[in-house]
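Spelled out from the first residue to the last, the chains are:
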Amino acid sequence: MPKDEALMNLQTSVETGNVALARESAQKAVDAGIPPFDAVNLGLAKGMQTISNRFDEGKIFLPQIVAAAKAMDAALEVLEPKMEKGDADLNGVIIMGSVKGDIHEIGKNICCAMLRGAGYRVVDLGSDVSPDAFVEAARANGASIVGGSALMTTSLYQQKDIVRVIRESGLHILTIFGGAPCTDEWVQEIGGDGYSASGAEIVKLVRTLFSDSRIYTLHGWMQFSLSISCMQEIEPHLTAPPWYG
């Protein structure tokens, strides 16, 4: 099968929520020698972008997004085992989960699908995830972002605990949050780094955070968030620049 046709079929499978076509097209892409990362970014991701655009325009609704996510997952089941180490990490690693005390996952699952479609490696911890579990997963997977979803007012304060525990851990990780009772104002209040109201917005948010050159002041000198993983290694050897106050 020609490369262009295989990629188009992957895109179509997501746009139509066709699980069987997604699985078949992913296998044909592998058989055709298409690098798995290209299959994701040039095929599946385009389909998910179409879904995101249609959702923003009010042309489709939750059932279509869920169907697209299932098709994406079916294709990834075929592609991920073929990926070379580091392929799925190229755009970044993100830890996702519903916070402790919250068992709702549909919104979080949609966000995970959108992020995977955009080429990020997403580690989905599921539901009822404690702040410590988020930290442990971030450390184990070398993640740069942790995302916590809360659908209930009673579980919303777990997001604040996630920020606190991450800071206490010493890891330089960004945090993003969402869910029905969550707001941008709340995320700013608890010291989070980003708020996403829906799966349609989360890719744009994450891309902004990964490309952001915001400066963090730490221990009397300046640290750039773009160098998160490197900074963990070189921080002990840094001294304040001569011009610093």
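Overview of the structure. Since the model is a prediction, treat every value here as computed from it, not as a measurement.

**Comments concerning the nonpolar core**
- In this structure, L44, L115 and I202 are the most contacted members of the largest nonpolar core, which totals 44 residues.
- Of all elements in the fold, only α1 (3-16), α2 (19-31), α3 (36-56), α4 (62-79), β1 (93-98), α5 (106-117), β4 (174-178) and α9 (199-211) reach the threshold of two or more residues within this core.
- In terms of residue count, the dominant contributor to this core is α4 (10 residues).
- Aside from chain neighbours lying at most four places away, what touches L115 is I94, M96, Y120, V122, I202, V203 and V206.

**Description of the packing of α4 against α5**
- Where α4 contacts α5, the axes come no closer than 9 Å and their chain directions differ by 50°. The orientation of α4 with respect to α5, classified from their angle, is oblique. In this structure, α4 crosses over α5, and the sense of that crossing is left-handed. For the pair α4 and α5, the contacting residues are L62, I65, V66, A69, M72, D73 and L76 in the first and I106, I110, A113, R116 and G117 in the second.
- When its residues are assigned to classes, the contact of α4 with α5 shows nine nonpolar, one polar and two charged.

**Re the pattern of salt bridges**
- Within this structure, the stated rule accounts for seven salt bridges.
- The salt bridge involving K108 is made with E105; its shortest N-O contact spans 2.6 Å.
- D124 is paired through a salt bridge with K108; the nearest N and O atoms lie 2.8 Å apart. One end of the pair, D124, is in strand β2 (residues 121-124); the other, K108, is in helix α5, with 16 residues separating them in the sequence.
- Owing to a relative accessible area of 29%, D124 belongs among the partly exposed residues under this scheme.
- Given a relative accessible area of 2%, K108 falls into the buried group.
- Via salt bridges that share partners, E105, K108 and D124 belong to a single interconnected network.

**Examining the environment of A67**
- Structurally, the position occupied by A67 is in helix α4.
- Judged by its relative accessible area of 24%, A67 is partly exposed.
- Separated by 51 residues in sequence, A67 and T16 have C-alpha atoms that sit 7.8 Å apart.

**Some thoughts on the packing of aromatic side chains**
- Taken as a whole and assessed by the stated rule, the structure comprises two aromatic pairs.
- Ring centres of Y120 and F210 lie 5.5 Å apart, and the angle between their planes is 15°; this geometry places the pair in the stacked category. In this pair, Y120 is assigned in the loop between α5 and β2 and F210 in helix α9, connecting sequence segments 90 residues apart.
- What makes Y120 buried here is its relative accessible area of 8%.
- Among the residues examined, F210 registers a relative accessible area of 23% and is labelled partly exposed.
- Residues Y157 and W186 carry aromatic rings whose centres are separated by 5.2 Å and whose planes lie at 75° to one another, so their mutual orientation is edge-to-face. Here W186 lies in helix α8 (residues 184-190) and Y157 lies in helix α7 (residues 157-169), a separation of 29 residues in the sequence.

**As for the sheet that holds β4**
- Read from one edge of the open sheet, five strands run β2-β1-β3-β4-β5, paired in parallel fashion. A single partner strand is all that each edge strand has here, and the edge strands are β2 and β5 (194-195).
- Both β4 and β5 contribute to a ladder of two bridges, which runs parallel. From the neighbouring strand, F177 faces β5, where its bridge partner is Y195.
- Helix-sheet contacts for α7 involve β3 (145-149) and β4, and the interaxial angle to β4 is about 175°.

**With respect to the pairing of β4**
- When you tally the buried positions in β4, you get five out of five residues, the bulk of the element.
- Neither face of β4 is exposed, since L174, I176 and G178 on one face and T175 and F177 on the opposite face are all buried.
- With five bridges joining them, β3 and β4 adopt parallel strand pairing. Note that in β4 the partner of V146 across the bridge is T175.
- Crossover handedness for the path β3 to α7 to β4: right-handed.
- Once you follow β4 into α8 and on to β5, the crossover reads as right-handed.

Analysis parameters
- Residues numbered from 1 in each chain as written.
- Predicted model: local features only at pLDDT ≥ 70, side-chain atom pairs only at ≥ 80, totals over all residues.
- Heavy atoms only, no water.
- Core = buried A, V, L, I, M, F, W, Y, C linked by side-chain atoms within 4.5 Å.
- Buried < 20%, exposed > 50% of the residue type's maximum accessible area, 1.4 Å probe, protein only.
- Helix = DSSP H or I, 4+ residues; strand = E, 2+ residues; numbered from the N terminus.
- Contact = heavy atoms within 4.5 Å.
- Axes fitted to C-alpha atoms, helices over the stretch in contact; angles between N-to-C directions.
- Parallel < 35°, antiparallel > 145°, perpendicular 65-115°, else oblique.
- Left-handed = near helix turned anticlockwise from the far one by under 90°.
- Nonpolar A, V, L, I, M, F, W, Y, C, P; charged D, E, K, R; others polar.
- Salt bridge = Lys/Arg side-chain N within 4 Å of Asp/Glu carboxyl O.
- Phe/Tyr/Trp six-rings, centres within 6.5 Å; stacked < 30°, edge-to-face > 60°.
- Pairing = 2+ DSSP bridges.
- Right-handed = clockwise from strand over helix to strand, strands pointing away.

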